[in-house]
Amino acid sequence: MSRVPEAFAPVVAAARSRIAEAFDGTRLHSAYIYGSIPRGAAIPGVSDLDLLLALRGAPTAADEVTARALEAELDASFDVIDGVGILLSRAETLTSELERNDLGFFVACLCTPLLGEDLAGQLPHCRPTPLLARETNGDLYLLLPHWRRRAAEATTDAERRYLSRGVARRLVRSGFTLVMPRWRGWTSDLAESAEVFARYYPDHPERIEQMRLAAHIGRNPSADPAVVAALIDDLAPWLAAEYLAVHGEKTPRP
């Protein structure tokens, strides 16, 4: 929490208090903040607020309604952030054996505790292995139809910008985890992730440039349909196929 930029301290404080108000102790196990704000890399007016809530029991429809209302309330209250995203998960799922190299890694290594008992204490140390790569992004191919449908249904610049940011971030992170076991480390920085990818795919200059573009769009969303199409219809299918060839398919979830 010491890395949270001063400009974002009020929104983080508000998130903590409003989450506690919206989800009482019988429902909320713990809450976490992740992304650029706790890394100290957030840009006022550009960065969003990313939160994870670990619940006692599976998320319900009522929980989803509460979370979406909380997202809208926080986003409307603070100009310093551009959007709020709240993920909901059952606490037991986050620490399960099945999620050890996906959601468990996410909580233990990429999340900063905001409220409640930190689940990281129940999780083992992680290493940048092919198994971690497979379980974090080995399901990229499943997202392609969903992204194409959203692109086709987008009618406003705001919708296209939101889609471009989400797609770009996922592609850059997948490109990074594709080569992560060879690099033998971790980074959450989009620009650095693109350059790490480039180091291991020197014979694919067109993919390197697309990955660099995606890293830029991840921080500077675009409403240009051509940019969205280039990410979804060109880079994404190639990356999904390459990922399956190198690491294989993520273990199916129930």
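Anything mentioned here points back to the structure above.
Cut-offs and rules
- Residues numbered from 1 in each chain as written.
- Predicted model: local features only at pLDDT ≥ 70, side-chain atom pairs only at ≥ 80, totals over all residues.
- Heavy atoms only, no water.
- Core = buried A, V, L, I, M, F, W, Y, C linked by side-chain atoms within 4.5 Å.
- Buried < 20%, exposed > 50% of the residue type's maximum accessible area, 1.4 Å probe, protein only.
- Helix = DSSP H or I, 4+ residues; strand = E, 2+ residues; numbered from the N terminus.
- Contact = heavy atoms within 4.5 Å.
- Pairing = 2+ DSSP bridges.
- Axes fitted to C-alpha atoms, helices over the stretch in contact; angles between N-to-C directions.
- Parallel < 35°, antiparallel > 145°, perpendicular 65-115°, else oblique.
- Left-handed = near helix turned anticlockwise from the far one by under 90°.
- Nonpolar A, V, L, I, M, F, W, Y, C, P; charged D, E, K, R; others polar.
- Right-handed = clockwise from strand over helix to strand, strands pointing away.
- Expected span 1.5 Å × (residues − 1).
- Disulfide = S-S within 2.5 Å.
- Phe/Tyr/Trp six-rings, centres within 6.5 Å; stacked < 30°, edge-to-face > 60°.
- Salt bridge = Lys/Arg side-chain N within 4 Å of Asp/Glu carboxyl O.

*Asks:* Describe in detail the nonpolar core, supporting the description with residues and values.
*Replies:* Counting residues in hydrophobic clusters, the biggest one holds 37 residues, and the most contacted among them are W147, L171 and L231. When residues of this core are traced back to their parent elements, those giving at least two are α6 (130–137), α7 (140–153), α8 (157–183), α9 (190–200), α10 (205–219) and α11 (225–247). The greatest single-element share of this core, amounting to 10 residues, is contributed by α11. Excluding anything up to four places from it in sequence, L171 contacts L140, W147, M211, L231, L235, A236 and L239. F8, A15, L55 and I81 belong to the second largest nonpolar core, which has 28 residues in total.

*Asks:* Run through the pairing of strand β1 (residues 28–34), naming residues and quoting values.
*Replies:* Working note: regular strand, side chains alternate between the two faces of the sheet. With seven of seven residues buried, β1 lies mostly within the body of the structure. Of the strand pairs in this sheet, β1 and strand β2 (residues 49–55) are connected by six bridges, and their pairing is antiparallel. The partner of Y34 across the bridge, within β2, is D50. With five bridges joining them, β1 and strand β4 (residues 111–116) adopt antiparallel strand pairing.

*Asks:* Please give an account of the packing of α8 against α11 that cites residues and values.
*Replies:* Orientation of α8 relative to α11, taken along the N-to-C sense of each, is 25 degrees, at an axis distance of 10 Å. Classified by the angle their axes make, α8 and α11 are roughly parallel. Note that α8 runs across α11; the crossing there is left-handed. Contacts between α8 and α11 involve R160, L163, S164, V167, A168, L171, S174, G175, T177, L178 and P181 on the former and, on the latter, P225, V228, L231, I232, L235, A236, L239, E242, Y243, V246 and H247. Looking at the contact of α8 with α11 residue by residue, the class counts come to 15 nonpolar, five polar and two charged.

*Asks:* Quick rundown of the pairing of strand β3 (residues 84–90)? Include the residues and the values.
*Replies:* With seven bridges connecting them, β2 and β3 associate as parallel partners. Across the sheet, L49 pairs through a bridge with V84, a residue of β3. Once you follow β2 into helix α3 (residues 61–77) and on to β3, the crossover reads as right-handed.

*Asks:* With reference to specific residues and values, describe the sheet that holds β1.
*Replies:* Read from one edge of the open sheet, four strands run β3-β2-β1-β4, paired in mixed fashion. Unpaired on one side and paired on the other, β3 and β4 mark the two borders of the sheet. Between one strand axis and the next, the sheet turns by 25 degrees as a mean value, whatever way the strands run. Strands in contact with α3 are β2 and β3; relative to β3, the strand with the most contacts, it is inclined by about 155 degrees.

*Asks:* An account of unusual backbone geometry is requested, with residue identities and associated values reported.
*Replies:* With a phi angle near 65 degrees, R184 is a residue other than glycine that sits in the positive phi range. On the secondary structure map, R184 appears in the loop between α8 and α9. Taking the relative accessible area as the measure of exposure, R184 reaches 69% and is therefore exposed.

*Asks:* Summarise α7; cite the residues concerned and give the values.
*Replies:* Relative to the 20 Å expected for 14 residues at 1.5 Å per residue, α7 spans 21 Å between its end C-alpha atoms, a close match to the ideal helical length. Taken together, the buried positions of α7 are occupied by L140, L144 and W147. Summarising the contacts, the buried residues of α7 are in contact with α6, α8 and α11.

*Asks:* Account for the side chain of S174, with residues named and values stated.
*Replies:* Looking at where S174 falls in the secondary structure, it is placed in helix α8. If sequence neighbours within four positions are ignored, S174 has contacts with N137, L140, L239 and Y243.

*Asks:* Got a sec to walk through the state of the cysteines? Specific residues and values, please.
*Replies:* Evaluated as defined, the whole model comprises zero disulfides. In this structure C109 is not part of a disulfide, and its nearest cysteine sulfur, from C126, lies 4.0 Å away.

*Asks:* Now, about the packing of aromatic side chains: what can you tell me, with residues and values included?
*Replies:* Taken as a whole, this structure holds seven aromatic pairs when the rule is applied. Both rings, one in Y34 and one in F106, keep their centres 4.8 Å apart while their planes meet at 80 degrees; by these two values the pair is edge-to-face. Residue Y34 is found in strand β1, and its partner F106 is found in helix α5 (residues 103–110); the two are separated by 72 residues along the sequence. F106 carries the same exposure label as Y34, and that label is buried. Aromatic pair F197 and Y201: ring centres 4.9 Å apart, planes at 10 degrees, arrangement stacked.

*Asks:* Run through the pattern of salt bridges, naming residues and quoting values.
*Replies:* Pairing is possible between side chains that carry opposite charge, provided their charged atoms lie close to one another. By the definition in use, this model includes 20 salt bridges. For the salt bridge of K250 with D139, the shortest nitrogen-to-oxygen distance reads 3.6 Å. Residue K250 is found in the segment after α11, and its partner D139 is found in the loop between α6 and α7; the two are separated by 111 residues along the sequence. Among the residues examined, K250 registers a relative accessible area of 11% and is labelled buried. Salt bridges sharing common partners tie together E99, R134, E135 and R253.

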